[in-house]
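# Observations on the model geometry
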Amino acid sequence: MFYVRRALARKNLDKSQEATEDLETILKLDTDNKAALKELAQLTGRSEATIKQQFAKHLHPPGLEPKQSMRGTRKFRRIPIVEVDLPIAARIPEGITVSKLPHDVTMKIGDVPTKTPSSANLSQVRTTLGSSVVPCTGETPTRPSPPPTQQMITLTEGGPSNWFQLERELRELNGCSSDKTILSNNAVTYLCRICPSQYQKVIGNNLETGFLVQLLRAFSRANGLLTPAEVVSRLNSISRLPRFDVAWMMVDDCDHDLFRQIFFTLEADPNISRDELNFIRKQFT
């Protein structure tokens, strides 16, 4: 629009050359601009068709003509989409009525030709196969699932040597369960068998609340596995681990009660040193 207004202004000021340049600039960008074609035709005395043809060649030089559509003028045809592996009634598109087919007629459904057998053919098949014919119920027979195989768990002899091994073997003993509140009997035995002198090496800085609770629950079920003195030794070693304070601080009230039950049982044993019990009470308070 800027060039059009300036061209008209220059034309009225008898600046024909400048007006012609502005109009040509417009047509180089838009050969179908009717206002520019009309004004340039009046200034130059040529026809609008000649001017348009000239600038069309300038816009599309030889070799750079716009690509023509390869589709042609033929219209697209809608093709109904038919899903396979469906009942015949469900495969027929809406709006199409299919009459009852005669026997021995091949019908193409979903690009898969099927042939409707006649009653004579069916009787012949039954006669040939005899009692081996299995009646069709319309249901897909299910294959019996194989019996579950027992998972083989291989534990390291002598107990775990590092934290990652401890986590892996404990998870396998718990049936790969992510719930750390669940402990199988094998997991209880496994945790009770870890020597407290190995806690610093195996657990170290990895003590967390979930594992601390697992240890407490294992000790509460250690009847026949650990003596009261061995439980005291393990509680003492746990309380000396670097991250014990943080892990114990996050334990909920239910597991606090569990520790009290363990402690009351230990306190009732006269063979346990009172100094050791007082130290444990102080650490777990």
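Residues numbered from 1 in each chain as written. Predicted model: local features only at pLDDT ≥ 70, side-chain atom pairs only at ≥ 80, totals over all residues. Heavy atoms only, no water.

Applicable threshold: UniProt positions are given in the numbering used here, feature names are shortened, and annotations may be inferred rather than shown by experiment.
An unreviewed UniProt entry annotates the chain as RNA polymerase II-associated protein 3 originating from Paragonimus westermani. Taken directly from UniProt, the Sequence similarities (unreviewed entry) text for the chain runs: "Belongs to the RPAP3 family."

## So, the overall build of the chain
For clarity, the cut-off: Each helix is a run of H or I in the DSSP string that is no shorter than four residues. Each strand is a run of E no shorter than two, and both are numbered from the N terminus. Contact between two residues is taken to exist if any of their heavy atoms lie within 4.5 Å; hydrogens are not considered. Areas reported as accessible are Shrake-Rupley estimates using a 1.4 Å probe. Residue values count occlusion only from the protein chains shown.
Across its full length, the chain holds 14 helices and two strands. Partitioning the contacts of the chain with sequence separation of at least 6, the portion at a separation of at least 24 is 54%. For the chain, the exposed surface amounts to about 20900 Å²; the carbon and sulfur share of it is 54%.

## Comments concerning the packing of helix H7 (residues 163-173) against helix H8 (residues 185-193)
The condition that has to hold: Where helices are involved, their axes are fitted lines through C-alpha atoms of the stretch in contact, as for all axes, and angles between N-to-C directions lie from 0 to 180°. We call two directions roughly parallel when the angle between them is under 35 degrees, roughly antiparallel when it is over 145, roughly perpendicular when it lies between 65 and 115, and oblique otherwise. Three classes are used, and their members are as follows: Ala, Val, Leu, Ile, Met, Phe, Trp, Tyr, Cys and Pro are nonpolar, Asp, Glu, Lys and Arg are charged, and the others, Gly among them, are polar.
Interhelical geometry of H7 versus H8 gives an angle of 155° and a closest axis separation of 8 Å. Classified by the angle between their axes, H7 and H8 sit roughly antiparallel to one another. Contacts between H7 and H8 involve Gln165, Leu166, Glu169, Leu170 and Leu173 from the first element and Asn186, Ala187, Tyr190 and Leu191 from the second. Taken together, the residues that form the contact of H7 with H8 break down as six nonpolar, two polar and one charged.

## A short note on H7
Quick reminder: α-helices carry 3.6 residues per turn. Residues three or four places apart thus point the same way. Put simply, the rule reads: Only protein chains enter the area calculation, which uses a 1.4 Å probe; residues under 20% of their type maximum are buried, those over 50% are exposed, and those in between are partly exposed.
When we look at burial in H7, the residues that qualify are Trp163, Gln165, Leu166, Glu169, Leu170, Glu172 and Leu173. Taken together, the buried residues of H7 touch H8, helix H9 (199-202) and helix H10 (209-220). Among the residues trailing H7, Gly175 stands out with phi positive, at a value near 75°.

## With respect to unusual backbone geometry
With a phi close to 60°, Asp14 is a non-glycine residue in the positive phi region. Relative to the helices and strands, Asp14 resides in the loop between helix H1 (2-12) and helix H2 (16-29). You can call Asp14 exposed: its relative accessible area is 68%.

## Section: the packing of helix H13 (residues 253-267) against helix H14 (residues 274-283)
Two numbers describe how H13 lies on H14: the axes approach to 11 Å, and their chain directions differ by 170°. Judged on the interaxial angle alone, H14 and H13 are roughly antiparallel. Counted together, Phe259, Phe263, Leu266 and Glu267 of H13 and Arg274, Leu277, Ile280 and Arg281 of H14 form the full contact between these two elements. The residue inventory of the contact of H13 with H14, partitioned by class, reads five nonpolar, no polar and three charged.

## A word on the nonpolar core
Applicable threshold: Residues grouped as a nonpolar core are buried Ala, Val, Leu, Ile, Met, Phe, Trp, Tyr and Cys residues, joined through side-chain atoms within 4.5 Å.
Residues Leu166, Leu191, Leu207, Phe211, Phe219 and Leu235 are the most contacted members of the largest nonpolar core, which totals 42 residues. Among the elements of the structure, H7, H8, H9, H10, helix H11 (228-239), helix H12 (244-249), H13 and H14 are those that each provide at least two residues to this core. Considering every element that reaches this core, the biggest residue donor is H10, with seven residues. Among residues more than four places away in sequence, those in contact with Phe211 are Trp163, Leu166, Leu170, Leu191 and Ile203. Counting residues in hydrophobic clusters, the runner-up holds 11 residues, among them Leu23, Ile26, Leu37 and Leu40.

## Description of the environment of Arg260
Mapped onto the secondary structure, Arg260 falls in helix H13. With a relative accessible area of 40%, Arg260 lands in the partly exposed category. Spatially, the C-alpha atoms of Arg260 and Phe284 are 9.3 Å apart, while their sequence positions differ by 24 residues.

## Observations regarding the environment of Phe211
With respect to the helices, strands and loops of the structure, Phe211 is situated in helix H10. With relative accessibility at 3%, the residue Phe211 sits in the buried group. Sequence spacing of Phe211 and Glu167 is 44 residues, and the spatial spacing of their C-alpha atoms is 9.3 Å.

## Comments concerning H8
Where H8 is concerned, the buried positions are Ala187, Val188, Tyr190, Leu191 and Cys192. Looking at the packing, one finds that the buried side of H8 touches H7, H10 and H11.

## Re the packing of aromatic side chains
Operational definition: Any pair of Phe, Tyr and Trp rings, taking the six-membered ring for Trp, is counted once the centres come within 6.5 Å. Such a pair is stacked with planes under 30 degrees apart, edge-to-face with planes over 60 apart, and tilted for the rest.
Applying the stated criterion across every chain, the model contains seven aromatic pairs. Geometrically, the ring pair formed by Phe244 and Phe284 is edge-to-face, given 4.9 Å between the ring centres and 70° between the ring planes. Taken as a pair, Phe244 in helix H12 and Phe284 in the segment after H14 lie far apart in primary sequence, 40 residues in all. Summarising the burial analysis for this pair, Phe244 and Phe284 share the class buried.

## Concerning the side chain of Asp22
Looking at the element boundaries, Asp22 is found in helix H2. When its relative accessible area of 2% is taken as the criterion, Asp22 is described as buried.

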